[in-house]
Number of protein chains: 2
Amino acid sequence: MLGLLAVCGLAACRSNASVPLGSIGSRVFVVERNSETLAVYDLDLRRVVHRVSGLGNLQHATMTFSRDLRYGFVASRSGKLTRIDLATLAHAGEVQTSKNSIDIAISQDGRYVATAEYFPGGVSILDTQTLELVRRIPAAAEGGPDDRNIRVTGIVDAPGNRFVCTLIESGEIWVIDASRPDFPVERRVPVGPGEPYDAMITPDGGTYVVGLRDTDEVVILDLRDPEGSAQRVSLREPGRTYDRTAPIKLPHLAAWAVARNRVFVPLVGEQRLAVLDRDTWRFVRSVPLRGNPVYAVRAPGEREVWVSFSGEEDDAFVQVVDVDSLEVARTLRVGGRIYHMDFTPRGSHALVTANRDDKLVLVNTATDAIEDEEPIRSPSGVFGVWRAFAMGL
Amino acid sequence: MLGLLAVCGLAACRSNASVPLGSIGSRVFVVERNSETLAVYDLDLRRVVHRVSGLGNLQHATMTFSRDLRYGFVASRSGKLTRIDLATLAHAGEVQTSKNSIDIAISQDGRYVATAEYFPGGVSILDTQTLELVRRIPAAAEGGPDDRNIRVTGIVDAPGNRFVCTLIESGEIWVIDASRPDFPVERRVPVGPGEPYDAMITPDGGTYVVGLRDTDEVVILDLRDPEGSAQRVSLREPGRTYDRTAPIKLPHLAAWAVARNRVFVPLVGEQRLAVLDRDTWRFVRSVPLRGNPVYAVRAPGEREVWVSFSGEEDDAFVQVVDVDSLEVARTLRVGGRIYHMDFTPRGSHALVTANRDDKLVLVNTATDAIEDEEPIRSPSGVFGVWRAFAMGL
């Protein structure tokens, strides 16, 4: 509530009296991980205006929003998809699509929402307006046995009204055409040796990136090339000696940042970001950091990447990496155990969840001043409604 | 109305019955230039759901939207700023800020809207929630006479909660700090010889670009360098002979596209785009075109730039330039006298106004199919509400 008086002058407060929940465009949903709840924070009122409860297990839950800004969607680890009315913040329907969902995406034409499911493994596609299940695609390798469970993860929207996802146990990338009524799986691309565990798409919608367990490589697929196969990219620093027997820790793929012509990869278990070239995917250099990075998030304007850390000594800090110099420009102390970061769409503020301190922190990106700290119980993911208008989110 | 049945199934129509105007996120405002009116097109309903009238002279009018998506703002050539409620589409206040406004911008924190004014020359800054005029800055060169009129144009939002604008007769760029209560003009940067006529900001908010009348150069200002001066950039193709006595025709600066590491400049009066390097602003190459270009607009994903033309033989066509190969990939016939183009935010469709044919055309960008043609009287600018979330728009 810091700074509330400064934001809400008398006249503004009067006009907001008729809109007690705030307005659609300034809404930020924050996962309260331990209570199956989303807290709704209003950027202009600078307070939590509502809580949406009964959403199921929200471990690793992500949200997506319909293009018309009528609805938000959240898929839970208990397999329930819930639709939330963005005007009233009320439940607007729920569907049990599986017993365990891990990821969610919305088609670029706004008509379909798709969930990636661990068990039973598959993809469910629902009409965003009616919530009708229009297609369920069980995860089964082509010609392979379909009596074993194959988990699906990393589902994203892609140009041409496609969904792209990753099958873990069968090691495949699927491209699903959501512009045809039968939603065909039009491509099944093997990722080669190694088990995938997560995936992401670059913000331009051009490249799908898959992480592989127990390797130092990722797989990239150029989505613009309809005949292309998956390519391998190394994350190791050339010329450096590695202990080949040490376990390789796994970065969240969604934690990568793409800014201008660079890809920033937080290497879990190493005190550095790896920087790759966006066009060639070759290693450019490492950026030394104060601790082990978890998330790298680009700021609007693509001049800065904000990095969070694991470990009690480091996890209250954000290091801001300059995209031009590829060096740490400054270090901010924000709050204990930072879990997630997002930026307001024109970049004026960062929204940071500090899980151990049970708060959401609003940081002015021009001054680094903390302008608001809002109590939120065990916060993790932060999702502004502006994600409705960004590819891959 | 083409394709309406396909979009609006029975269940969707029922749920839309309570929202007859469509939903905020799918709203596109189209200037009806000859009738002082904005037509409101709904992307999902695929029809004009409302008209907002009495807005004043809308020649060259642009719109901006508040971050909370409560309001749209339009400034008219007759000097009137009108606020439109995005939920009800009703007038929500108007202010006569001058006798002739040319441009409008909204601060990155969403609190202020600013108009650039031709007469009396200056900048008016209003509170977005109360519509109160909080500051008017008359256009006067520092230490110069203030008894002559100086027109202001090209106002944009910039990082650090700044407004940047251009003073035509005094040849200056102004940077205004909208994070301080007195809105100081913190920088006045001379552009050097030549009279500016228009300006733009790159989508990353890093560079302000000013066009100069009767020269083959533009001026760029690096906004990240608080001490930097304006630099000159040539648009001429090196090694080519030009008739130095021929009049130089003036491209709209807002017509330039920035995609990946390239800047695409439609050279009015020449059958080519000039391609510049985004970092060095050096000439890269020309892209030959079928006619004289007017607008170049990048598609989301930054893989394509769509180009419109002047002249009856060419103005019904769009040429699509591939950003990688820097060649024309395809040519589409869309409708007579194309004035403006915009894309849905994830890039599934283009919205094109065909002024001579009195229609708005919805093009599927994956198939190039025309999916809807909507009658609009003398349409020009097209403004989707998603501009609320993009820097510089």
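What you are looking at is a predicted structure, and each value in this text was computed from that prediction instead of being measured. (Residues numbered from 1 in each chain as written. Chains lettered and ligands numbered in written order. Predicted model: local features only at pLDDT ≥ 70, side-chain atom pairs only at ≥ 80, totals over all residues. Heavy atoms only, no water.)

K.L.:
Which parts of the structure should I look at to understand the overall build of chain A?
P.N.:
Counting its regular elements, chain A contains 2 helices and 32 strands. On C-alpha atoms alone, chain A measures out to a radius of gyration of 21 Å, which is about the 21 Å that the 2.2 N^0.38 rule sets for 393 residues. Structurally, chain A occupies a C-alpha span of about 65 × 55 × 35 Å along its principal axes. For chain A, with 393 residues in total, the buried portion stands at 61%. In chain A, once contacts between residues fewer than 6 apart in sequence are set aside, the share between residues at least 24 apart is 44%. Element-wise, carbon and sulfur atoms account for 49% of the exposed surface of chain A, whose accessible area totals about 14,400 Å². With 45 positive and 52 negative side-chain charges, chain A shows a spacing of 1 Å between the two charge centroids. (Helix = DSSP H or I, 4+ residues; strand = E, 2+ residues; numbered from the N terminus. Rg over C-alpha atoms; globule rule 2.2 N^0.38 Å. Buried < 20%, exposed > 50% of the residue type's maximum accessible area, 1.4 Å probe, protein only. Contact = heavy atoms within 4.5 Å. Areas by Shrake-Rupley, 256 points an atom, 1.4 Å probe, with all protein chains shown as cover. Lys, Arg positive; Asp, Glu negative; His and termini not counted. Charge placed at Lys NZ, Arg CZ, Asp CG, Glu CD.)

K.L.:
Please clarify how the interface of chain A and chain B should be interpreted in this entry.
P.N.:
It is common to report an interface's size as the accessible area lost on association of the parts. At the junction of the two partners, chain A supplies 51 residues and chain B supplies 50 residues. Taking both sides of the interface into account, the surface hidden between chain A and chain B amounts to around 4,000 Å²; carbon and sulfur atoms contribute 49%. Of all residues in chain A, R67, R346 and F389 of chain A give up the largest surface area on contact with chain B, accounting jointly for 23% of the area buried on that side. Connecting chain A to chain B are 12 salt bridges. R346 of chain A is the partner of D157 of chain B in a salt bridge, and the nearest nitrogen-oxygen pair spans 2.7 Å. Counting across the interface, chain A meets chain B through 22 residue pairs in polar contact (both at pLDDT 80 or more). If you list the elements that add at least two residues to the side of chain A that touches chain B, you get α1 (4–7), α2 (10–16) and β4 (63–65) of chain A. (Buried area = accessible area lost by both parts, 1.4 Å probe. Salt bridge = Lys/Arg side-chain N within 4 Å of Asp/Glu carboxyl O. Polar contact = N/O pair within 3.5 Å; in protein donor to acceptor, adjacent residues only side chain to side chain.)

K.L.:
Just to check I follow, could you spell out the relation of the copies chain A and chain B for this structure?
P.N.:
Between the two copies of the chain lies a rotation about an axis combined with a shift along it. Structural alignment of chain A on chain B gives an RMSD of 0.0 Å, achieved by rotating through 180° and translating 0.0 Å along the axis. On the angle and the small slide along the axis, the relation comes out as a two-fold axis. In terms of proximity to the rotation axis, the leading residue of chain A is R260 of chain A, whose C-alpha is 3.6 Å off the axis. Taken as a fraction of all interface residues of chain A, those also at the interface in chain B reach 98%, which identifies the copy contact as same-surface. (Least-squares fit on C-alpha atoms with pLDDT ≥ 70 in both.)

K.L.:
Could you clarify how one ought to interpret the pattern of salt bridges in this entry?
P.N.:
As a working rule, side chains carrying opposite charge can pair if their charged atoms are close by. Applying the stated criterion across every chain, the model contains 54 salt bridges over all chains. For E117 of chain B, the salt bridge is made with R136 of chain B, and the minimal N-O distance between the two is 2.9 Å. One end of the pair, E117 of chain B, is in strand β9 (residues 112–119); the other, R136 of chain B, is in strand β11 (residues 133–138), with 19 residues separating them in the sequence. The class of E117 of chain B is buried, set by a relative accessible area of 0%. Salt bridges here are not isolated pairs; linked through shared partners, they connect D204, D222, R224, R278 and D279 of chain A together with R260, R303 and D324 of chain B.

K.L.:
Quick question: what am I supposed to make of the sheet that holds strand β28 (residues 338–343) of chain A here?
P.N.:
One key point about sheets: their strands pair by backbone hydrogen bonds, in either a parallel or an antiparallel sense. All names here are of chain A. In spatial order, the strands read β28-β29-β30-β31; together these 4 strands make up an open sheet with antiparallel pairing. Single-partner strands in this sheet number two, and they are β28 and β31 (370–375). Going across the sheet, the axis of each strand differs from the next one's by a mean of 20°, ignoring polarity. The pairing of strand β29 (residues 349–354) with strand β30 (residues 359–364) spans 6 bridges and is classified as antiparallel. From the neighbouring strand, L351 faces β30, where its bridge partner is L362. (Pairing = 2+ DSSP bridges. Axes fitted to C-alpha atoms, helices over the stretch in contact; angles between N-to-C directions.)

Keep in mind that these numbers describe shape and distance, not what the molecule does.
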